[in-house]
Amino acid sequence: MSDCLFCRIVAGEIPANRVTETKQFLAFRDINPQAPTHVLAIPKQHVASLNEADDAMLIGELLLFARDVAAGEGLADDGYRVVLNTNAGAGQTVFHIHAHILGGRAMRWPPG
Ligand code: AMP
Ligand code: ZN
């Protein structure tokens, strides 16, 4: 989608601090980090949110990709949080599905 911010990052039209990528997925640093490590993992294919997701393989592999990104950031042992905000009430502001990978500090529960 040409008017989607994250599709434009995938296409290289908007710069991003890229961490890693595969054929299907891209990870880049959040522009407004909420933890010492805050990376976004997205499918290169446009899916607006978890509500619109219908490809179980894609969503499962997104989760494993997020796991691999966290490991690459050195977070596996201490722990990290993977968050998918879905729709406005949960704080979703960019409607291209993305997994937040947060780590490097203690996480509280419940989240705000
Ligand atoms: P959400 O609120 O769950 O939709 O998350 C969207 C995230 O995208 C926020 O944490 C923003 O800080 C982040 N974000 C917005 N624009 C950019 C950008 N150009 N590069 C990297 N991260 C961004
Ligand atoms: Zn998109």
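These remarks concern the structure in this document. (Residues numbered from 1 in each chain as written. Chains lettered and ligands numbered in written order. Predicted model: local features only at pLDDT ≥ 70, side-chain atom pairs only at ≥ 80, totals over all residues. Heavy atoms only, no water.)

**Comments concerning the packing of aromatic side chains**
Describing an aromatic ring pair means giving the distance of the ring centres and the angle of the ring planes.
Line of reasoning, step 1. This model, assessed by the stated rule, comprises two aromatic pairs.
Line of reasoning, step 2. Summarising the aromatic geometry, the rings of Phe-25 and Phe-65 are spaced 5.4 Å apart at their centres and angled 25 degrees between planes, so their arrangement reads as stacked. With Phe-25 in strand β2 (residues 25–29) and Phe-65 in helix α2 (residues 56–72), the pair connects residues that are 40 residues apart, well separated along the chain. A single burial state applies to Phe-25 and to Phe-65, both of which are buried. (Phe/Tyr/Trp six-rings, centres within 6.5 Å; stacked < 30°, edge-to-face > 60°. Helix = DSSP H or I, 4+ residues; strand = E, 2+ residues; numbered from the N terminus. Buried < 20%, exposed > 50% of the residue type's maximum accessible area, 1.4 Å probe, protein only.)

**Points about α2**
Line of reasoning, step 1. Taking 1.5 Å of rise per residue, the 17 residues of α2 would be expected to cover 24 Å, and the 24 Å separating its terminal C-alpha atoms lies within 8% of that figure.
Line of reasoning, step 2. Here the buried face of α2 lies against β1 (18–21), β2, β3 (37–43), β4 (80–83) and β5 (99–103).
Line of reasoning, step 3. The backbone nitrogen of Met-57 lies 3.1 Å from a side-chain oxygen of the residue at the head of α2, namely Asp-55. (Expected span 1.5 Å × (residues − 1). Contact = heavy atoms within 4.5 Å. Polar contact = N/O pair within 3.5 Å; in protein donor to acceptor, adjacent residues only side chain to side chain.)

**Some points on the coordination of the zinc ion (ligand 2)**
Angles at a metal have ideal values that depend on geometry: 109.5 degrees with four tetrahedral donors, 90 or 180 degrees with six octahedral donors.
Line of reasoning, step 1. Cys-4 (SG), Cys-7 (SG), His-46 (ND1) and His-96 (ND1) make up the full set of protein donors to the zinc ion (ligand 2), lying at 2.1 to 2.3 Å.
Line of reasoning, step 2. A relative accessible area of 26% means that His-46 is categorised as partly exposed. (Donors = N, O, S within 2.8 Å, 3.2 Å for Na, K, Ca; no water.)

**Notes on the site of ligand 1**
Line of reasoning, step 1. Taken together, 16 residues are adjacent to ligand 1, and Asp-30, Asn-85, Gly-91, Thr-93 and His-100 come closest.
Line of reasoning, step 2. Asn-85 places a side-chain nitrogen or oxygen 2.9 Å from an oxygen atom of ligand 1.
Line of reasoning, step 3. In the model, an oxygen atom of ligand 1 is placed 3.0 Å from a nitrogen or oxygen of the Val-94 main chain.
Line of reasoning, step 4. About the coverage of ligand 1: the protein hides 84% of its 500 Å² of free accessible area.
Line of reasoning, step 5. At the level of elements, α1 (5–10) and β2 are the ones that each hand at least two residues to the shell around ligand 1.
Line of reasoning, step 6. Ranked by residues supplied to the shell around ligand 1, first place goes to α1 with three residues.
Line of reasoning, step 7. A breakdown of the residues in the shell around ligand 1 according to their chemical character gives seven nonpolar, seven polar and two charged. (Near = heavy atom within 4 Å. Areas by Shrake-Rupley, 256 points an atom, 1.4 Å probe, with all protein chains shown as cover. Nonpolar A, V, L, I, M, F, W, Y, C, P; charged D, E, K, R; others polar.)

**Focus on the environment of Ser-49**
Line of reasoning, step 1. Relative to the elements of secondary structure, Ser-49 occurs in the loop between β3 and α2.
Line of reasoning, step 2. On the accessibility criterion, Ser-49 (1% relative accessible area) is buried.
Line of reasoning, step 3. The sequence separation of Ser-49 and Arg-81 amounts to 32 residues, and the corresponding C-alpha distance is 18 Å.
Line of reasoning, step 4. What Ser-49 contacts, discounting residues up to four positions off in sequence, is Thr-86, Asn-87, Gln-92 and Ile-97.
Line of reasoning, step 5. At 3.0 Å, the side chain of Ser-49 forms a polar contact with the backbone nitrogen of Asn-51.

**Some remarks on the pairing of β3**
Line of reasoning, step 1. Counting buried residues in β3 gives seven out of seven residues, a clear majority hidden from the surface.
Line of reasoning, step 2. Strand direction decides the pairing type here: β2 and β3, joined by five bridges, are antiparallel. Bridging from a neighbouring strand, Ala-27 pairs with Ala-41 of β3.
Line of reasoning, step 3. Bridge count for β3 against β5 is five bridges, and the pairing is antiparallel. Residue Ala-41 lies in a different strand from β5, and its bridge partner there is Ala-99. (Pairing = 2+ DSSP bridges.)

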